[in-house]
Amino acid sequence: MEKKGLLVVVSGFAGSGKGTLMKELVKRYKTYALSVSATTRNPRPGEVDGREYYFKTTEEFEQMIEEDAFVEYARYVNNYYGTPKKYVFDQLEAGNDVILEIEIQGALQIQKKFPEALLLFVTPPDAITLKNRLVGRGTEDAATIDLRLARASEESQGIEEYDYIVVNDDLEECVLTMHSIIQNEKYKTFRNLSFINEIRDGLKSFAKGD
Ligand code: 5GP
């Protein structure tokens, strides 16, 4: 079977709980590597540079764009966010499944560049739960929350571009569902063409009487 890891994109509305979900997935299963993005937004209380994000100035970020250091990048609610290339390629090569927790514009760039990537969309059970989670988190002011809700409404238009939609109602159940979706995906025939060809060649040689 294919030895290279799977590139997995996870998007979801702000407040969908996808951050917690990803942390849990990575903690529980050793096959996953969570990519750390660069951003120009300010750190929230408790966030550590190099752990949640690499916090950059706009100048630094634009310099990285020029150096072609990102697999994808986008602007989201007045800030830049981008995925540094090196970690992603190194981890995939090492056979780990790399998770990019990114918004939809970045997800679509990845889908175009890497058609074999798997795209998952995480959503809360309903719209009101989303609003309550955003307000309850208390990390953003009212104006930012409004911007994020407006953005969520826009993003909801693009959900069909993703391969799977996962409802995050119960964290435990959602972690198991995501893990099984990702792992099952590896058995798709189109992901294992070199393995299939090897078996074919082996069988051909038997048919010739070798
Ligand atoms: P937050 O500011 O809440 O941490 O993230 C805002 C949005 O940016 C989230 O939807 C998050 O998934 C997305 N995001 C985080 N890192 C990246 C990235 O590297 N690229 C893109 N395109 N979006 C990102």
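Everything below is about the structure shown above.
Throughout what follows, the structure given in this document is the object of discussion.

The rules behind the values
Residues numbered from 1 in each chain as written. Predicted model: local features only at pLDDT ≥ 70, side-chain atom pairs only at ≥ 80, totals over all residues. Heavy atoms only, no water. Near = heavy atom within 4 Å. Polar contact = N/O pair within 3.5 Å; in protein donor to acceptor, adjacent residues only side chain to side chain. Areas by Shrake-Rupley, 256 points an atom, 1.4 Å probe, with all protein chains shown as cover. Helix = DSSP H or I, 4+ residues; strand = E, 2+ residues; numbered from the N terminus. Nonpolar A, V, L, I, M, F, W, Y, C, P; charged D, E, K, R; others polar. Salt bridge = Lys/Arg side-chain N within 4 Å of Asp/Glu carboxyl O. Buried < 20%, exposed > 50% of the residue type's maximum accessible area, 1.4 Å probe, protein only. Phe/Tyr/Trp six-rings, centres within 6.5 Å; stacked < 30°, edge-to-face > 60°. Lys NZ or Arg CZ within 6 Å of the ring centre and 35° of its normal.

### Regarding the site of the ligand
In step 1: Taken together, 16 residues lie around the ligand, and Ser37, Arg41, Tyr53, Tyr81 and Glu103 are the ones closest in.
In step 2: Here an oxygen atom of the ligand and a side-chain polar atom of Tyr81 are 2.6 Å apart.
In step 3: Between the ligand and Thr83 there is a distance of 3.3 Å, counted from an oxygen atom to a side-chain nitrogen or oxygen.
In step 4: When the ligand sits alone it has 510 Å² of accessible area, and the protein chains cover 95% of it.
In step 5: Elements supplying a minimum of two residues to the shell around the ligand: strand E5 (70-76) and strand E6 (79-84).
In step 6: Considered class by class, the residues forming the shell around the ligand number 5 nonpolar, 4 polar and 7 charged.

### Description of the pattern of salt bridges
In step 1: According to the stated counting rule, one finds 17 salt bridges in the structure shown.
In step 2: Two residues, Glu172 and Arg28, come together in a salt bridge whose shortest N-O distance is 2.9 Å. Placement of Glu172 in helix H7 (residues 171-185) and of Arg28 in helix H1 (residues 18-28) is noted, with a sequence separation of 144 residues between them.
In step 3: For Arg28, a relative accessible area of 33% translates into the label partly exposed.
In step 4: Lys85 is the salt-bridge partner of Asp68, the closest N and O atoms lying 3.1 Å from each other. Highlighted residues: Asp68 in the loop between helix H2 (58-66) and E5 and Lys85 in helix H3 (residues 85-93), separated in sequence by 17 residues.
In step 5: Judged by its relative accessible area of 25%, Lys85 falls in the partly exposed class.
In step 6: Salt bridges sharing common partners tie together Arg41, Arg44, Glu47, Arg137 and Glu140.

### Here's the deal with the packing of aromatic side chains
In step 1: Evaluated as defined, the whole model comprises 12 aromatic pairs.
In step 2: Residues Phe13 and Phe121 carry aromatic rings whose centres are separated by 5.1 Å and whose planes lie at 75° to one another, so their mutual orientation is edge-to-face. Taken as a pair, Phe13 in the loop between strand E1 (7-12) and H1 and Phe121 in strand E8 (residues 118-123) lie far apart in primary sequence, 108 residues in all. The burial state of Phe13 is the same as that of Phe121; both residues are buried.
In step 3: Through a chain of ring-to-ring contacts, three or more aromatic side chains come together here, namely Tyr53, Phe55, Tyr76 and Tyr81.
In step 4: Directly above the ring of Tyr80 sits Arg75, whose terminal nitrogen or CZ lies 4.6 Å from the centroid.

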